[in-house]
Amino acid sequence: MEDKTAGGMKRDLEFMGAAIEEARAGLAEGGVPIGAVLVEDGKIIGRGRNRRVQDGDQLIHAEIDCLRNARRTGGYIGTTLYSTMMPCHLCAGAAVQFGIKRVVAGEAESAPEAGAFMEAYGIEVVDLNIEVPKELLAEVSPDLF
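Requested: an account of unusual backbone geometry, with residues and values cited.
Backbone geometry places aspartate 41, a non-glycine residue, at a positive phi of 50°. Relative to the helices and strands, aspartate 41 resides in the loop between β1 (35-40) and β2 (43-49). Residue aspartate 41 is classed as exposed on the basis of its relative accessible area of 72%. Non-glycine residue asparagine 129 carries a positive phi angle of around 50°. Within the secondary structure, asparagine 129 is located in the loop between β5 (124-127) and α6 (132-138).

Talk me through the pairing of strand β4 (residues 102-105); I want residue IDs and the actual numbers.
Of the two faces of β4, the one lined by Arg102 and Val104 and the one lined by Val103 and Ala105 are each fully buried. Bridge analysis of strand β3 (residues 80-83) against β4 gives four bridges, and the strand direction is parallel. Among the inter-strand pairings, leucine 81 is bridged to a residue of β4, identified as valine 103. Considered for its hand, the β-α-β crossover made up of β3, helix α4 (residues 89-97) and β4 is right-handed. Relative to β5, β4 is paired through four bridges, and the arrangement is parallel.

Got a sec to walk through helix α3 (residues 62-69)? Specific residues and values, please.
Burial runs high along α3: six of the eight residues are buried. Ala62, Glu63, Ile64, Asp65, Cys66 and Leu67 are the residues of α3 that are buried. Elements that come into contact with the buried residues of α3 comprise β1, β2, β3 and α4.

Summarise the environment of asparagine 129; cite the residues concerned and give the values.
Of the residues examined, asparagine 129 reaches a relative accessible area of 46% and is grouped as partly exposed. Taking the C-alpha atoms as reference points, asparagine 129 and methionine 85, 44 residues apart in sequence, are found 9.5 Å from one another. Contacts of asparagine 129, omitting those with residues within four sequence positions, involve Ala105, Gly106, Glu107 and Lys134.

I'd like a rundown of the pattern of salt bridges, residues and numbers included.
Between side chains of opposite charge, a pair can form when the charged atoms approach closely. Across all of its chains, the model carries 11 salt bridges by this definition. Of the charged contacts in the structure, one is a salt bridge between glutamate 22 and arginine 47, with a shortest N-O distance of 3.4 Å. Pair noted here: glutamate 22 is in helix α1 (residues 6-28) and arginine 47 is in strand β2, with a separation of 25 residues, a long-range link. By relative accessible area, glutamate 22 is classed as buried at 10%. Taken together, the salt bridges that share partners define one network made up of Glu21, Glu22, Glu29, Arg47, Arg49, Arg51 and Asp65.

Thresholds, definitions, all that
- Residues numbered from 1 in each chain as written.
- Predicted model: local features only at pLDDT ≥ 70, side-chain atom pairs only at ≥ 80, totals over all residues.
- Heavy atoms only, no water.
- Helix = DSSP H or I, 4+ residues; strand = E, 2+ residues; numbered from the N terminus.
- Buried < 20%, exposed > 50% of the residue type's maximum accessible area, 1.4 Å probe, protein only.
- Pairing = 2+ DSSP bridges.
- Right-handed = clockwise from strand over helix to strand, strands pointing away.
- Contact = heavy atoms within 4.5 Å.
- Salt bridge = Lys/Arg side-chain N within 4 Å of Asp/Glu carboxyl O.

Below is the structure:
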């Protein structure tokens, strides 16, 4: 259940800040500036960024990279996935598949249907509706998409 207290919002913004760091690192590498972190019990257990350009692999979205970098055992039940952009259907499917219970997006305009898809599978979806993710994307060439 979403923590709607000031402390809950502060934590969400703190972890979103870590996802934004990943997005900025991806931008510095010449890639698409989308970042993600996976959090459990107040600790980051996985980090990732979109590496489609850097690795020449169209499937390495930020959320997929993050899940690849998270621990390999114990599952992800009870975790929260933070992504600078609303996860696409590919990444939303991974959230469903791995039992992630909460997804916090920096913005939801990029893939509102994927947000509804996750909610249909019982995932709590939170849209922080912040400008930084959109500003970072505005810095890249449309050719990267």
